[in-house]
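Coordinate analysis (summary)
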Amino acid sequence: LVDTDASNKAADANAALQYGLALRATDQRTQSSAVLEQAAIANPGNRALLAAYGRSLVDNGNYQQGFDTLSRAHTPDNPDWHILSIQGTALDRMGKHEDARRYYANALKIKPEEPSVLSNLGMSYVLSKQLPQAEEALRRAYDGDKGNARVRQNLALAIGLQGRMAEAETIVTAGLPPDEAADNVSALKDMLRGSDSRKPAPSRTSRSAETARPSRT
């Protein structure tokens, strides 16, 4: 016999998940988090829902709650590299950079040279002003995904913060039409000004890291 209640519950959970993800895709992140929260409460054992809800919490700045929720979305015996990377982002946002890098390292053991994880690792080093290490990680990310605008922007930031502005501009303008290239250079200069004017505090991100956000996984 088919368990109709169980089937309906699974269908409802999947519908809520898809709706929450659709809201996130259109930058309705507060609404997305609310939908996913209610679905996760109703389906506490659904790891896909927990992963999406945890990610939405991190998106909205609820880093500790997001980290804790994500911890329930996978297990040490069967870790998910996407989730490990998002947990690393949450830790970075709380100023726990060394802890964050352990999560990125574990993600890279599962998915070696994954550009999104390497980009997050690079931004972790930017936040702690370890710029050569940031550049090294971000170059690896860029080599793996040269078409990713976020990775390109993050690499240019790490290079620009080291005073190599011409090289940074070359990276953000490569292969782009003039108008888009000019916009990217302007955005890069804004990011660099923000980083110079305010150092990252231990418990929050710098303005530059808020602009050049960690890669989404």
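We now turn to the structure provided with this report.

Parameters at a glance
All residue numbers here refer to positions counted from 1 along the written sequence of the relevant chain. Residue-level local features of this predicted model are given only where pLDDT is at least 70; pairs of side-chain atoms are given and counted only at 80 or more, and the full residue set underlies all totals for whole chains, interfaces and linings. To get the side-chain values, take all heavy atoms of the structure and skip hydrogens and water. Think of it this way: any DSSP run of H or I at least four residues long counts as a helix, any run of E at least two long counts as a strand, and we number them from the N terminus. Here, residues are in contact when the closest pair of their heavy atoms is within 4.5 Å. For this analysis, a nonpolar core means a set of buried residues of the types Ala, Val, Leu, Ile, Met, Phe, Trp, Tyr and Cys, connected via side-chain atoms within 4.5 Å. Think of it in three bands: with a 1.4 Å probe and only protein chains considered, a residue is buried below 20% of the maximum accessible area for its type, exposed above 50%, and partly exposed in between. The axes are straight lines fitted to the C-alpha atoms, using for helices just the contacting stretch, and the angles between their N-to-C directions are given from 0 to 180°. Whether a crossing is left-handed or right-handed is set by the direction in which the near helix is turned from the far one by less than a right angle, anticlockwise for left-handed and clockwise for right-handed. All residues other than Ala, Val, Leu, Ile, Met, Phe, Trp, Tyr, Cys, Pro, Asp, Glu, Lys and Arg, Gly among them, are scored as polar; the first ten of these are nonpolar and the last four charged. Throughout this description, the term salt bridge denotes a Lys or Arg side-chain nitrogen within 4 Å of a carboxyl oxygen of Asp or Glu. Pairs were defined over the aromatic rings of Phe, Tyr and Trp, the Trp ring being its six-membered one, requiring ring centres within 6.5 Å. Orientation was assigned from the angle between planes: stacked under 30 degrees, edge-to-face over 60, tilted for the rest. Cation placement over rings: the criterion is NZ of Lys or CZ of Arg within 6 Å of the ring centroid and within 35° of the ring normal. Two N or O atoms form a polar contact when they lie within 3.5 Å of each other; inside protein one atom must be a possible hydrogen donor and the other a possible acceptor, and for residues adjacent in sequence the pair counts only when both atoms belong to side chains.

Across its full length, the protein holds twelve helices and zero strands. Ordered by position from N to C terminus, the α and β elements of the protein give α-α-α-α-α-α-α-α-α-α-α-α. Taking the contacts inside the protein whose residues are at least 6 apart along the sequence as the reference set, 48% of them involve residues at least 24 apart.

Counting 53 residues, the largest nonpolar core has Leu121, Val126 and Leu157 as the members making the most contacts within it. Those residues in contact with Val126 that lie beyond four places of it in its chain are Leu131, Ala134, Leu157, Ala158 and Leu161.

This part takes up the packing of helix α2 (residues 29-42) against helix α3 (residues 47-59). At a closest axis distance of 9 Å, the pairing of α2 and α3 adopts a crossing angle of 145 degrees. Of the two possible hands of crossing, α2 and α3 adopt the one that is left-handed. Residue-level contacts link Arg29, Ser33, Leu36, Glu37, Ala39 and Ala40 of α2 to Leu49, Leu50, Ala52, Tyr53, Ser56, Leu57 and Asp59 of α3. Along the lines of polarity and charge, the residues of the contact of α2 with α3 split into eight nonpolar, two polar and three charged.

The next thing to look at is the pattern of salt bridges. When their charged atoms lie close together, side chains carrying opposite charge are able to pair. As enumerated under the stated definition, the model contains 13 salt bridges in all. Residue Asp59 pairs with Arg24 through a salt bridge whose shortest N-O separation is 2.6 Å. Of the two residues, Asp59 sits in helix α3 while Arg24 sits in helix α1 (residues 4-25), which places them 35 residues apart along the sequence. A salt bridge links Arg164 to Glu167, with the nearest nitrogen and oxygen atoms 2.9 Å apart. For Glu167, a relative accessible area of 30% gives the class partly exposed. A network of salt bridges, in which partner residues are shared, links Arg24, Asp27, Arg29 and Asp59.

As a further point, take unusual backbone geometry. A positive phi angle is found at Asp27, which is not glycine, with a value near 65 degrees. Relative to the helices and strands, Asp27 resides in the loop between α1 and α2. By relative accessible area, which is 54% here, Asp27 ends up exposed. Even without a glycine there, the phi angle at Glu113 is positive, about 60 degrees. Inspection of the secondary structure assignment puts Glu113 in the loop between α6 (97-110) and α7 (115-127).

On to the packing of aromatic side chains. For the structure on display, the rule yields one aromatic pair. Centroid distance Phe67 to Tyr103: 5.5 Å. Interplanar angle 75 degrees. Geometry classified as edge-to-face. Of this pair, Phe67 sits in helix α4 (residues 63-71) while Tyr103 sits in helix α6, and the two are 36 residues apart along the sequence. For Tyr103, a relative accessible area of 24% corresponds to the partly exposed category. The lysine or arginine in question, Lys146, covers the ring of Tyr142, its NZ or CZ lying 5.4 Å from the ring centre.

Here Val185 lies in helix α11 (residues 178-197). A residue is classified by how much of its surface remains accessible, and Val185, at 14% relative accessible area, is buried. Expressed as a C-alpha distance, the spacing of Val185 and Thr170, which sit 15 residues apart in the sequence, is 9.0 Å. Dropping the residues within four chain positions of it, Val185 is found in contact with Glu169, Val172 and Thr173.

Looking at the element boundaries, Ser85 is found in helix α5 (residues 81-93). Given the relative accessible area of 0%, Ser85 is considered buried. Only 2.9 Å separates the side chain of Ser85 from the side chain of Asn120, close enough to count as a polar contact.

All quantities given are derived from atomic positions and should not be read as evidence of function.
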